[in-house]
Amino acid sequence: MKNFSAIILAAGAGTRMKSSLPKVMHALSGKPLIKWVIDAVSSLKPDNIVVVLGHEADKVEEYLAKINVKNLKIVYQKEQLGSAHAVMQVRKVLKSYGGNILVLSGDVPLIEKNTLAFLIKDNQKVNSSVAVLAAEVSDPFGYGRIVKKDGFLEKIVEEKDANILEKRINLINSGIYCFDKNLWKALSKVKPNNVKKEYYITDTIAILKGMGKTASLTVTKNENEVKGINNRLELSQAETLLEYKKIKELFENGVSIIDANNVYISYDAKIGQDSVIYPGVFIGESVIIGKNCVLKGSSYITNSNIGSDSVISYSYINGAIIGKNVKVGPFSHIRPGSVLKDNVKVGNFSETKKAIISKNSKVNHLSYIGDAEIGEDVNIGAGTITCNYDGLNKHKTIIGSRSFVGSNVNFVAPVKVGENVVIAAGSTVTRDVPSGKLAIARARQELKRRIIK
Ligand code: UD1
Ligand code: MG
């Protein structure tokens with residue numbers, strides 16, 4: 001494949017989304033639409049990726065700055081006068097560029113990199129001035145229709161401009177094209193002669209043909225990958241397509257999903273063999289789960305690793321690293337920075353945050369463990385709280401291995417407890433406890449004579 005540069009159109013208002021968020025920033029399986037397109041095209045290593053922004057540009061720009069994409073440039077389309085007008089704004093950046101120019105829509109997220117590679121190669125093979133990626137779809141409503149003459153691509157007609165016969169055509173324009181350098185000349189000839197009075201990129205096909213150039217078609221058999229997203233229904237349909245694909249992949253890899261219609265699993269989740277997912281589980285972005293795990297109830301897991309043989313029940317887990325054979329829940333909140341090592345148990349209405357809980361330790365009931373380091377084989381009794389916040393700063397609690405913490409203990413941080421310590425139930429620990437000691441820090445029980453009147 002010869003060199004190419006990519007243009008991603010993302011300046012449109014996306015009015016059909018009825019949203020204050022720019023259309024291309026709407027999330028599909030947790031990832032903004034535009035990132036899907038960027039990922040597909042980046043994997044082919046283009047010389048440049050030029051994104052055209054306009055409507056709510058600052059919101060998209062802020063996101064693009066964060067994700068740091070190689071060779072990415074931004075140009076602005078101040079007024080959204082149509083897709084051809086949008087591409088025209090890139091001329092100043094690419095006018096002396098010699099390679100092919102791949103034009104993509106920021107709202108066609110499911111496009112596969114292999115299809116893009118095929119489109120570029122196809123174009124270079126037949127040496128056409130434009131290759132249009134098309135697909136035969138069951139419902140062509142809303143798409144530009146591919147009009148052929150004598151079996152060859154003649155022009156593209158938009159839904160609103162199509163006559164009755166053209167509306168019956170099922171071969172649609174994906175909004176993805178591979179041009180040669182004649183693009184700029186063709187664009188300068190586009191006129192807004194259509195119902196919407198916009199400058200349409202699709203008009204360049206008939207224009208190039210009129211200039212004596214060749215226009216070719218590359219047809220993908222996968223109609224799902226060219227689905228455009230213009231409203232919330234289409235966004236939800238794309239979500240369903242991705243979900244179906246992911247669930248199929250997991251089944252093929254030996255994961256059991258009891259009710260495939262009642263789970264959400266992000267496209268990038270990795271789940272090991274013989275793990276079982278019960279109904280109601282939500283697995284968001286960046287989750288890795290080992291083998292033989294059981295995920296039960298309405299557990300919500302994002303951005304976390306879970307080791308093999310672990311059981312998660314009705315729990316909310318975000319930004320955590322969980323080891324092997326760990327039990328979480330029912331009803332636990334495992335917050336960012338939590339590290340639960342092998343064989344740990346955190347359960348029954350407990351919360352952890354920035355807490356390292358070492359091997360075999362238990363936080364079984366109604367506890368808050370925040371900004372803490374807990375050693376191995378520690379038992380934390382019911383209702384134990386690390387008082388980590390003094391109203392201004394956060395402080396740390398350290399508890400050594402093999403210590404036993406009775407029920408209803410408060411650790412007023414910063415505080416350090418040694419190894420093999422016993423903390424009596426009901427204690428409020430304000431001072432460090434050396435290893436091997438029994439600490440009692442509570443009011444002594446008194447027995448008094450009962451006065452009966
Ligand atoms: C477009 C195509 C249609 C195709 C469909 C595929 C045109 C005229 N029509 O229709 O043939 O079947 O995509 O999904 O191109 N944009 C700008 N600036 C503008 C206008 C649009 O950057 O002034 C961007 C949008 O942000 C979007 C893309 O161009 O990413 C396509 O625009 P959209 O309004 O979604 O066009 P469709 O009606 O979907
Ligand atoms: Mg669209």
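Rules and cut-offs
Residues numbered from 1 in each chain as written. Chains lettered and ligands numbered in written order. Predicted model: local features only at pLDDT ≥ 70, side-chain atom pairs only at ≥ 80, totals over all residues. Heavy atoms only, no water. Donors = N, O, S within 2.8 Å, 3.2 Å for Na, K, Ca; no water. Helix = DSSP H or I, 4+ residues; strand = E, 2+ residues; numbered from the N terminus. Buried < 20%, exposed > 50% of the residue type's maximum accessible area, 1.4 Å probe, protein only. Domains from an automatic or database assignment. Contact = heavy atoms within 4.5 Å. Buried area = accessible area lost by both parts, 1.4 Å probe. Salt bridge = Lys/Arg side-chain N within 4 Å of Asp/Glu carboxyl O. Core = buried A, V, L, I, M, F, W, Y, C linked by side-chain atoms within 4.5 Å. Pairing = 2+ DSSP bridges. Patch = residues over 30% accessible without salt bridge, like charges linked within 9 Å, V, L, I, M, F, W, Y side chains within 5 Å. Areas by Shrake-Rupley, 256 points an atom, 1.4 Å probe, with all protein chains shown as cover. Near = heavy atom within 4 Å. Polar contact = N/O pair within 3.5 Å; in protein donor to acceptor, adjacent residues only side chain to side chain. Nonpolar A, V, L, I, M, F, W, Y, C, P; charged D, E, K, R; others polar.

## Here we look at the coordination of the magnesium ion (ligand 2)
Within the protein, the atoms that donate to the magnesium ion (ligand 2) are Asp107 (OD) and Asn230 (OD1), at distances of 2.1 to 2.3 Å. Of this pair, aspartate 107 sits in the loop between strand E6 (100–105) and helix H5 (113–126) while asparagine 230 is found in the loop between strand E11 (215–220) and helix H9 (232–252), placing the two residues 123 residues apart along the sequence. Just as aspartate 107 is buried, asparagine 230 falls in that class too.

## Some remarks on the domain arrangement of the protein
When cut into domains, the protein gives domain 1 (4–226) and domain 2 (253–439). A C-alpha centroid distance of 48 Å is found between domain 1 and domain 2. Of the residues lining the interface, four residues belong to domain 1; the matching set on domain 2 comes to four residues. Carbon and sulfur atoms supply 46% of the area that domain 1 and domain 2 bury against each other, a total of about 330 Å² over both sides. At the boundary of domain 1 and domain 2, one finds zero salt bridges.

## Digging into the nonpolar core
Of all hydrophobic cores here, the largest spans 46 residues; its most connected members are Ile265, Ile277, Ile283, Leu340, Phe411 and Ile423. Contributing elements (two or more residues each) for this core: H9, strand E17 (287–289), strand E28 (351–357), strand E30 (368–374) and strand E36 (415–417). Contact partners of isoleucine 277, with chain neighbours within four places excluded, come to Val255, Ser256, Ile257, Ile258, Val263, Ile265, Ile271, Ile283 and Leu295. Of all hydrophobic cores here, the second largest spans 37 residues; its members include Ala6, Leu44, Ala57 and Leu64.

## Regarding the pairing of strand E4 (residues 49–53)
Regular strands show a simple pattern: their side chains alternate between the two faces of the sheet. When you tally the buried positions in E4, you get five out of five residues, the bulk of the element. Here strand E1 (residues 4–10) pairs with E4 via five bridges, running parallel. Bridge assignment links isoleucine 8 to a residue of E4, and that residue is valine 51. Two strands pair when backbone bridges link them, and E4 and strand E5 (residues 72–76) are joined in this way by five bridges, in the parallel orientation. Bridge pairing links leucine 53 to tyrosine 76 in E5.

## So, a nonpolar patch on the surface
On the surface, Tyr314, Phe331, Phe349 and Leu366 cluster together to form a nonpolar patch covering roughly 430 Å² of accessible area. Here leucine 366 lies in the loop between strand E29 (362–363) and E30.

## Things to note about the sheet that holds strand E24 (residues 327–328)
Taken together, the 11 strands give an open sheet; going across it, the order is E12-E15-E18-E21-E24-E27-E29-E31-E34-E37-E39, and neighbouring strands pair in parallel fashion. Each end of this open sheet is capped by a strand with a single partner; those strands are strand E12 (256–257) and strand E39 (438–439). Where strand E31 (residues 379–380) and strand E34 (residues 404–405) come together, two bridges link them in parallel fashion. By the bridge assignment, asparagine 379 is partnered in E34 with phenylalanine 404.

## Points about the site of ligand 1
The full set close to ligand 1 counts 26 residues, and Leu9, Gln77, Gly82, Glu158 and Asn173 are the nearest of them. Leucine 81 places a main-chain nitrogen or oxygen 3.4 Å from an oxygen atom of ligand 1. Here an oxygen atom of ligand 1 and a backbone polar atom of asparagine 173 are 2.6 Å apart. In isolation ligand 1 exposes 750 Å². Once the protein is present, 91% of that is buried. Contributions of two or more residues to the shell around ligand 1 are made by E1, helix H3 (83–88) and strand E10 (171–179). Grouping the amino acids of the shell around ligand 1 by side-chain chemistry returns nine nonpolar, 13 polar and four charged.

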